[in-house]
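This is what each chain is made of:
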Amino acid sequence: EEGGDGRYDEVLRACEMGLEHAEAVEQGRMADALQACATMKLLANPENCRLFGVLVEAEHRRILVLLRSGRHVEAVAAANVLYSSCFRAGLQLECLKMLLVFGAAHMECKNYMGALPYFLSCLAQSRAKAFGALEAEANLALAELWAEMGPTYASLALQHLDHCMPPV
């Protein structure tokens, strides 16, 4: 049952756009991925508070595509805006996801020490708030960071991989 306002149709259409986005990213069609994000954002009218989560998800996906496309400055600027919006709305999980995005932006630029505080902060806060899946993502990000820094840090990379395996 729709409830008379078409909300379920909008949510289903947003899910469809999310699938199209994922497929486009997987196939390396970044322009199509960005178009899917734009369509998701249109479905989640900013004045409709009930679909704010769809708007946040669309913007998060767009930021990840920007990062993957090498548009780091634009991605970080968009992540700052989204982080601020999520913080004001009290969306703790989404704020922590943005910490991973900030860290990923540093990783893309080979600034491993710049990424470290974002990943560590996300890990600590995810653990404190019992966000198991996000804690696993943060551990994986830290494992990638240590692995990128060379064989001297391999044991740290393995420790973080071990920590993220139970939730997986």
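Residues numbered from 1 in each chain as written. Predicted model: local features only at pLDDT ≥ 70, side-chain atom pairs only at ≥ 80, totals over all residues. Heavy atoms only, no water.

A. Up close: the packing of helix α3 (residues 52-68) against helix α5 (residues 92-108). It is the contact of α3 with α5, at a shortest axis distance of 10 Å, that shows an interaxial angle of 10 degrees. In terms of their interaxial angle, α3 and α5 are classed as roughly parallel. Facing Val-56, His-60, Ile-63, Leu-64 and Leu-67 of α3, the residues of α5 in contact are Glu-94, Lys-97, Met-98, Val-101, Ala-104, Ala-105 and Glu-108. Partitioned by chemical class, the residues of the contact of α3 with α5 number 8 nonpolar, 1 polar and 3 charged. (Axes fitted to C-alpha atoms, helices over the stretch in contact; angles between N-to-C directions. Helix = DSSP H or I, 4+ residues; strand = E, 2+ residues; numbered from the N terminus. Parallel < 35°, antiparallel > 145°, perpendicular 65-115°, else oblique. Contact = heavy atoms within 4.5 Å. Nonpolar A, V, L, I, M, F, W, Y, C, P; charged D, E, K, R; others polar.)

B. Unusual backbone geometry, seen in detail. With phi around 65 degrees, Lys-110 is a residue other than glycine that occupies positive phi space. Here Lys-110 shows up in the loop between α5 and α6 (112-128). Phi at Ala-130 is positive, roughly 60 degrees, even though this residue is not glycine. Here Ala-130 is to be found in the loop between α6 and α7 (132-148). Owing to a relative accessible area of 63%, Ala-130 belongs among the exposed residues under this scheme. (Buried < 20%, exposed > 50% of the residue type's maximum accessible area, 1.4 Å probe, protein only.)

C. Looking closely at the pattern of salt bridges. The full count for this structure, using the stated rule, is 8 salt bridges. Across the pair Lys-41 and Glu-59 runs a salt bridge, and its minimum N-O distance is 2.8 Å. Here Lys-41 is found in helix α2 (residues 30-43), whereas its partner Glu-59 is found in helix α3, with 18 residues between them in sequence. Glu-57 is the partner of Arg-61 in a salt bridge, and the nearest nitrogen-oxygen pair spans 2.9 Å. Linking Arg-61 with Glu-57, this pair stays in helix α3, spanning 4 residues, or about one helical turn. (Salt bridge = Lys/Arg side-chain N within 4 Å of Asp/Glu carboxyl O.)

D. Up close: the layout of surface pockets. Space inside the largest pocket adds up to approximately 590 Å³. Around the largest pocket sit 19 residues that line it, and Leu-64, Leu-100, Ala-104, Glu-137 and Glu-144 are the ones nearest its centre. Secondary-structure elements contributing two or more residues to the lining of the largest pocket are α1 (7-26), α3, α5 and α7. For the lining of the largest pocket, the per-class residue count stands at 11 nonpolar, 2 polar and 6 charged. (1 Å grid on protein atoms, 1.4 Å probe; cavity = no way out; pocket = protein on both sides within 12 Å on 5 of 7 lines; lining within 4 Å. Points joined across faces, edges and corners; volume = space filled by probe spheres on them.)

E. Up close: a nonpolar patch on the surface. A cluster of nonpolar side chains, namely Leu-140, Leu-158 and Leu-161, defines an oily patch on the protein surface of about 250 Å² accessible area. By the secondary structure assignment, Leu-158 is in helix α8 (residues 154-164). With relative accessibility at 53%, the residue Leu-158 sits in the exposed group. (Patch = residues over 30% accessible without salt bridge, like charges linked within 9 Å, V, L, I, M, F, W, Y side chains within 5 Å. Areas by Shrake-Rupley, 256 points an atom, 1.4 Å probe, with all protein chains shown as cover.)

F. Seen up close, the packing of aromatic side chains. Counted according to the given criterion, the structure contains 4 aromatic pairs. Pairing Trp-146 with Tyr-153 gives two aromatic rings, centres 5.3 Å apart and planes at 25 degrees, and the pair type is stacked. What makes Tyr-153 partly exposed here is its relative accessible area of 30%. Three or more aromatic residues link up through ring pairs in this structure, and these residues are Tyr-83, Phe-87, Phe-102 and Tyr-118. (Phe/Tyr/Trp six-rings, centres within 6.5 Å; stacked < 30°, edge-to-face > 60°.)

G. Broad picture of the nonpolar core. Counting 31 residues, the largest nonpolar core has Ile-63, Met-98, Leu-100, Phe-119, Cys-122 and Leu-145 as the members making the most contacts within it. Elements with a minimum of two residues in this core: α3, α4 (72-89), α5, α6 and α7. If we skip the residues at most four places from it in the chain, Leu-145 touches Met-107, Tyr-112, Ala-115, Leu-116 and Phe-119. By size, the runner-up hydrophobic cluster in this structure holds 8 residues, among which are Met-17, Leu-51, Leu-55 and Ala-58. (Core = buried A, V, L, I, M, F, W, Y, C linked by side-chain atoms within 4.5 Å.)

The quantities given are spatial measurements derived from coordinates; they are silent on function.
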